[in-house]
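Analysis of the macromolecular model
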Amino acid sequence: MFELPIYNICVFSMFILAALTFLALTKVTAPYGRHERSGWGPRIPNKFGWVLMELPAVVAFFIFYFQGRNSFEVVPLIFFFLWQLHYFYRTFVFPFLTRTEGKKMPLLIALIGALINTLNAFINARWISHYGSYSIEWVHSTPFAWGVGLFLVGLLINCHSDSILIKLRTHGPKEYKIPHGGCYRFISCPNYLGEILEWTGWALATYSLGGLAFALYTLASLLPRAIDHHKWYKARFPDYPNRRKAIFPFLF
């Protein structure tokens, strides 16, 4: 089938993209959120930018998934539900909980994110619903059990950490405070840790190169940003807890 070579190229490209993203973000901080700054072209409202960036992960994944020959089998449907659970929250819930009125992000960042999410949706949806093969016995396997468990733990950490940050901001989008509670007792960016755990679990549960490529891309994009956040907190707040690490408790 002519699509398979294209699919393999896309998976390989995701691995290359992970490496390039890591190298770029160790030198330049992505200009959105608390690191927002001018000089990156036209800017759009922050909420709209988030939806634009994340929407392909919902819509494109849905389209690619249901073109697969295995799309109505039990295990692929479980994977479909997990993916959509994360991205429905990220696209339609999280942006509208944040108190970021008046804040903007570069249109370029939103478009790059949308393109990466489209590529990622393609390589993961096509694998789990078409190229991959998962019998019902896969739900009893060790990779599936540990992978799904890790995914759900990561999702809970991610959502809980987001809620702590959102509740801190009571007087406007420019207000920042030191977060406390939950995994913030140990690290500066537990929401990023949660997302890394989610997609590491996904890679394990799906046992796929596409899943591994995405897990590595997630690590490559969030690790440098967590370091930037950690440095930002320490520079802004003289009383910032010294024992906190950036993203991995007790380690880093």
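Up top you'll find the structure we're talking about.
Residues numbered from 1 in each chain as written. Predicted model: local features only at pLDDT ≥ 70, side-chain atom pairs only at ≥ 80, totals over all residues. Heavy atoms only, no water.

The next thing to look at is the pattern of salt bridges. In total, this model carries three salt bridges according to the counting rule given. For the salt bridge of E3 with R126, the shortest nitrogen-to-oxygen distance reads 2.9 Å. One end of the pair, E3, is in helix α1 (residues 3-25); the other, R126, is in helix α4 (residues 107-131), with 123 residues separating them in the sequence. The pair formed by E3 and R126 is uniform in burial state, with each residue classed as buried. Here R90 ties to D162 by a salt bridge, and the two come within 3.5 Å at their closest N and O atoms. Taken as a pair, R90 in helix α3 (residues 74-97) and D162 in helix α5 (residues 142-168) lie far apart in primary sequence, 72 residues in all. Residues participating in the shared-partner salt-bridge network are R90, D162 and E195. (Salt bridge = Lys/Arg side-chain N within 4 Å of Asp/Glu carboxyl O. Helix = DSSP H or I, 4+ residues; strand = E, 2+ residues; numbered from the N terminus. Buried < 20%, exposed > 50% of the residue type's maximum accessible area, 1.4 Å probe, protein only.)

Let's shift gears to empty space enclosed by the protein. If you walk through the whole model with that rule in mind, you get one cavity of 30 Å³ or more. Within this model, the largest cavity holds a volume of roughly 30 Å³. Lining of the largest cavity is provided by L25, V28, T29, A30, S221, P224, R225 and D228. A per-element tally of the lining of the largest cavity places helix α7 (residues 209-236) first, with four residues. By residue class, the composition of the lining of the largest cavity is four nonpolar, two polar and two charged. (1 Å grid on protein atoms, 1.4 Å probe; cavity = no way out; pocket = protein on both sides within 12 Å on 5 of 7 lines; lining within 4 Å. Points joined across faces, edges and corners; volume = space filled by probe spheres on them. Nonpolar A, V, L, I, M, F, W, Y, C, P; charged D, E, K, R; others polar.)

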